[in-house]
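Spelled out, the chains give:
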Amino acid sequence: MVVTQSRISRDELLAVLQTVMDPEVPVLSVVELGIVRDAVADERGATVTVTPTYSGCPAMQEIESEIRRVLEDRGVSPVTIRTSYLPAWTTDWITPAARAKLEEYGIAAPGAVREDELVPLHRSLPSVRCPYCKSDSTERKSEFGATACKAIWFCRACEQPFEEFKAI
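Report follows, based on the coordinates. These numbers were taken from a predicted model, which means no experiment stands behind them.

1. Some thoughts on the overall build of the chain
In terms of regular secondary structure, the chain is built from three helices and seven strands. Reading the helices (α) and strands (β) of the chain from amino to carboxyl end gives α-β-β-α-β-α-β-β-β-β. For the chain, the residues scored as buried account for 40% of the 168 residues in total.

2. Overview of the sheet that holds strand β5 (residues 138-142)
For sheets, the rule is that strands pair by backbone hydrogen bonds, running either parallel or antiparallel. With mixed pairing, four strands are arranged side by side in an open sheet as β4-β7-β6-β5. Each of the sheet's edge strands pairs with one partner strand only, and the pair in question is β4 (107-108) and β5. Pairing of β4 with strand β7 (residues 161-165), which is carried by two bridges, proceeds in the parallel orientation. In the strand pairing of β7, alanine 108 is matched with glutamate 164.

3. What about the packing of aromatic side chains?
Here a ring pair, both rings aromatic, is described through the centre-centre distance and the interplanar angle of the planes. By the definition in use, this model includes one aromatic pair. With 6.2 Å between their ring centres and 55 degrees between their planes, tryptophan 89 and phenylalanine 165 make a pair best called tilted. You can see tryptophan 89 sitting in the loop between β3 (79-83) and α3 (96-105) and its partner phenylalanine 165 sitting in strand β7, a full 76 residues away along the chain. A single burial state applies to tryptophan 89 and to phenylalanine 165, both of which are buried.

4. Some remarks on the sheet that holds β3
Taken together, the three strands give an open sheet; going across it, the order is β1-β2-β3, and neighbouring strands pair in mixed fashion. Bordering the open sheet on either side are β1 (36-42) and β3, each of which pairs with just one other strand. Neighbour-to-neighbour, the strand axes of this sheet turn through a mean angle of 15 degrees, independent of strand direction. Of the strands in this sheet, β1 and β2 (45-50) are in contact with helix α1 (residues 10-17), which crosses β1 at around 125 degrees. The sheet contacts of helix α2 (residues 60-73) involve β1, β2 and β3, and relative to β3 the element is tilted by about 150 degrees.

5. Focus on the state of the cysteines
For the structure shown, the criterion picks out zero disulfides. The thiol of cysteine 149 is not disulfide-bonded; the next cysteine sulfur, from cysteine 57, is found 6.9 Å away. This cysteine, cysteine 155, is not joined by any disulfide, and cysteine 133 carries the nearest cysteine sulfur, 3.5 Å off. When its relative accessible area of 0% is taken as the criterion, cysteine 155 is described as buried.

6. Structural notes on empty space enclosed by the protein
Per the counting criterion, the structure on display carries one cavity of 30 Å³ or more. Roughly 50 Å³ of volume is contained in the largest cavity. Looking at the largest cavity, the residues that line it are Asp22, Glu24, Val25, Leu33, Thr53, Cys57, Cys149 and Phe165.

7. Describing the side chain of lysine 150
Structurally, the position occupied by lysine 150 is in strand β6 (residues 150-155). For lysine 150, a relative accessible area of 3% corresponds to the buried category. With residues near it in sequence (within four places) discarded, lysine 150 still touches Glu24, Val25, Ile107, Glu143, Phe144, Gly145, Glu163, Glu164, Phe165 and Lys166.

Basis of the calculations
Residues numbered from 1 in each chain as written. Predicted model: local features only at pLDDT ≥ 70, side-chain atom pairs only at ≥ 80, totals over all residues. Heavy atoms only, no water. Helix = DSSP H or I, 4+ residues; strand = E, 2+ residues; numbered from the N terminus. Buried < 20%, exposed > 50% of the residue type's maximum accessible area, 1.4 Å probe, protein only. Pairing = 2+ DSSP bridges. Phe/Tyr/Trp six-rings, centres within 6.5 Å; stacked < 30°, edge-to-face > 60°. Axes fitted to C-alpha atoms, helices over the stretch in contact; angles between N-to-C directions. Contact = heavy atoms within 4.5 Å. Disulfide = S-S within 2.5 Å. 1 Å grid on protein atoms, 1.4 Å probe; cavity = no way out; pocket = protein on both sides within 12 Å on 5 of 7 lines; lining within 4 Å. Points joined across faces, edges and corners; volume = space filled by probe spheres on them.

Here it is in structure tokens:
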């Protein structure tokens, strides 16, 4: 139960964790998505604090296993995963570079989170820019995509369907 590698810094831990890709959006690391909230190591091992994007996110078990595996492969053990639900994850935690990667991958990045009302009584649908042709002439086809965190849109300009990573 010892960190077999000499003390590893937080920045070094985060660099290793940059290699853990989100299983649902494999072009983004769990660090870029903001799922990894903190990482610390001392003589007793490493502790990584994560916040799921959704409380029932089906990918979290796989993400936690992969975090543990990459750190142990680097000689850091034992690895403790701590899940924190407060504050709740928000799409505001997605880095600007990750937003660009989402668009390059064909998923519209989430817009800004609205904080002007607690529970919106109606959803106005702003236009979502097509990640392929950059047109704003789009329409939402389904509130949910392959996962609950995405919606399905259609671009009238290039006639491509695409997903939007919903703002939370």
